[in-house]
Amino acid sequence: MNNTDSAAQLGFELHTAARLLKRNFDRRAKSHGLTRARWQVLWILNKEQGMKQAELAERMDVAPISLARQIDLLQAEGLVERRQDPQDRRCYRIFLTDAAAPVLDTLHGLAIEARAQALAGITAEEQRQLMHLLSRVRENLSREETVE
């Protein structure tokens, strides 16, 4: 396999692995009534509370209007709440409620299961190497993102 074929194969393998990991997690989450859009909102907010809806939509790579429906549903279930932004009365910031904690615990467990399946047969050293290399790929691609 020449370098061009190898580079093309790398892109294919990365994309396919990411897609399969998401689908694997989605199947697990679905059994708990959680769609990708729902668990992504909760997961991201768990990492960074108080994001504006537009920021959250950008992080999820969806249109803000598409996200509004998910936030409405999660708010109706008592899992998130909108709070008015003290610096900009035109927008709201999104926060998790205490009721989201058990759902996040479930998501954490599902993530552990999905990762265990994905990394089966890969040694701890190989996992560290994989993380290091993927971090470098992400950093390389992120440089272009910040230029735009």
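Residues numbered from 1 in each chain as written. Predicted model: local features only at pLDDT ≥ 70, side-chain atom pairs only at ≥ 80, totals over all residues. Heavy atoms only, no water.

Draft legend 1. Geometry of the packing of helix α3 (residues 53–60) against helix α4 (residues 64–76). Viewed as axis vectors pointing N to C, α3 and α4 meet at an angle of 105°, and their least axial separation amounts to 9 Å. It follows that α3 is roughly perpendicular to α4 by the angle criterion. Together, Gln53, Leu56, Ala57 and Met60 of α3 and Pro64, Leu67, Ala68 and Ile71 of α4 make up the contact between the two elements. Partitioning the contact of α3 with α4 into residue classes produces seven nonpolar, one polar and no charged. (Axes fitted to C-alpha atoms, helices over the stretch in contact; angles between N-to-C directions. Helix = DSSP H or I, 4+ residues; strand = E, 2+ residues; numbered from the N terminus. Parallel < 35°, antiparallel > 145°, perpendicular 65-115°, else oblique. Contact = heavy atoms within 4.5 Å. Nonpolar A, V, L, I, M, F, W, Y, C, P; charged D, E, K, R; others polar.)

Draft legend 2. Structural detail: the side chain of Asp26. Within the element layout of this structure, Asp26 appears in helix α1 (residues 3–30). Setting aside chain neighbours within four positions, we find Asp26 in contact with Arg36 and Trp39.

Draft legend 3. α3, seen in detail. Inspection of α3 places Gln53, Leu56, Ala57 and Met60 among the buried residues, and these make up the whole buried set. Axial view of α3: buried residues confined to an arc of 100°, hence all on one face. In this fold, the buried residues of α3 make contact with α2 (36–47), β1 (51–52), α4, β2 (80–84) and β3 (92–96). Backbone geometry just downstream of α3 places Asp61 in the positive-phi region, at approximately 65°. (Buried < 20%, exposed > 50% of the residue type's maximum accessible area, 1.4 Å probe, protein only. Arc of directions from axis to C-beta.)

Draft legend 4. Up close: the sheet that holds β3. What the three strands build is an open sheet, ordered β1-β3-β2; its pairing is antiparallel. The open sheet has two free edges, formed respectively by β1 and β2, since each of these has just one partner strand. Two elements, β1 and β3, share two bridges in a ladder whose sense is antiparallel. Along β3, the bridge assignment pairs Met51 with Ile94. Relative to the sheet, α4 contacts β2 and β3, its axis offset from that of β2 by approximately 110°. (Pairing = 2+ DSSP bridges.)

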